[in-house]
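Chain and residue survey
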Amino acid sequence: MKKEHYADFAQALTDWFCTHGRDYPWRRTRDPWAILVSEIMLQQTTIATVLGRYEAWMTQFPTPSALAEADEQTALRSWEGLGYYRRVRALRAAAITICEQHGGIFPTTEDAIRALPGIGDYTVGAVLSFAYNRPAPLVDANVSRVFARVFNDSTPVDSPAGRKRHRQLAAQLVHPTNPRAYNSALMELGQTICTPASPTCLLCPVRSFCTATAPSSLPVKLPKTKITALEHWDIWHISDKGLLMEKQPGGKRHEGMYRLPRREQQEIAHLPHLCDQKYTVTRYKVTRHLYRADIASPLPQECYIPIPRLTDIPMASPDRKLVSRFCNSAD
């Protein structure tokens, strides 16, 4: 696509979205806090999952001060099922900064927004365009796919050169007066029409601008990270004090959360086997082997959690599933 067509491309895409854009709760608001929350939730989480949690979460934490005043365990518990818990820690840190440095009022300048903890280029662009309707570049996986095809570009989209090129294009192409609709349109085009495997090019509102000769072969990506298989051996032990669990220390991925205690395989192989649980975390495929322990001596990081309190403490989804499955029947 030639530069003289950039404005027409942006207008055609914006017009299409104003007629066909899907309705999401975060598109009904101009509150920068609500938009920031939605963008953080949507990172590495499906729209369907976020739709099931977003409005309830916003009811619990409708303002930065509401989250800033909550303790970390309450924040972590609220995020269960969404995964990648560093996101809610960063969101809470941003809320605290907003309260301490901006009197609880969400900042309006790009520099101040960018200075918030856990905020990167994409999130800055999302808040500026969706909350304040300012022309700001916004690039996610959907946008990169659209650009790779429109410009017939075989540069790997996840390479430094690909990221730099697409951010430059995003800045040049953004609609000058309606960036809110335009940036939403770019992402929606990638979600619904310019899809990864089977783009429906005949329905594309900007197909006349697209120069791709083989759309399904684009975008090009760097070789995938190898998936690593992991195994661990855990125990299930309930006493009159409650369920034995382990609180994750600082520096761990699930810092401040609780999990079932881990043991060496040879320590517990003789115990009754309860189940095997398989789940995936980033580039790891995990198999957990769970054994019932009749007697256990807690280690320094372990403690008994009374059964009624299990619903209140934060834990990752795999642990929550096992607690829900066994806590009523185990004794």
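Description of the structure in this document. As the structure is a prediction and not an experimental result, all values here were calculated from the model.

Here we look at the environment of Lys2
Mapped onto the elements, Lys2 comes out in the segment before α1 (6–20). Using a relative accessible area of 53% as the deciding quantity, one classes Lys2 as exposed. In the structure, Lys2 is positioned 100 residues away from His102 in sequence and 43 Å away in space, judged by C-alpha atoms.

A few points about the pattern of salt bridges
Taken as a whole and assessed by the stated rule, the structure comprises 16 salt bridges. Taking the shortest distance from any N to any O, the salt bridge between Asp121 and Arg167 comes out at 3.8 Å. Highlighted residues: Asp121 in helix α9 (residues 121–132) and Arg167 in helix α11 (residues 160–173), separated in sequence by 46 residues. The exposure class assigned to Asp121 is partly exposed, which follows from its relative accessible area of 37%.

Some remarks on the nonpolar core
Judged by nonpolar contacts, the single largest core of 68 residues is most densely connected at Trp33 and Trp57. Per-element accounting of this core gives the leading share, seven residues, to helix α2 (residues 32–42). Discounting chain neighbours no more than four positions away, the residues touching Trp57 are Trp33, Val37, Met41, Leu67, Ser78, Trp79, Val88 and Leu91.

The rules behind these values
Residues numbered from 1 in each chain as written. Predicted model: local features only at pLDDT ≥ 70, side-chain atom pairs only at ≥ 80, totals over all residues. Heavy atoms only, no water. Helix = DSSP H or I, 4+ residues; strand = E, 2+ residues; numbered from the N terminus. Buried < 20%, exposed > 50% of the residue type's maximum accessible area, 1.4 Å probe, protein only. Salt bridge = Lys/Arg side-chain N within 4 Å of Asp/Glu carboxyl O. Core = buried A, V, L, I, M, F, W, Y, C linked by side-chain atoms within 4.5 Å. Contact = heavy atoms within 4.5 Å.

That is the geometry; function is a separate question.
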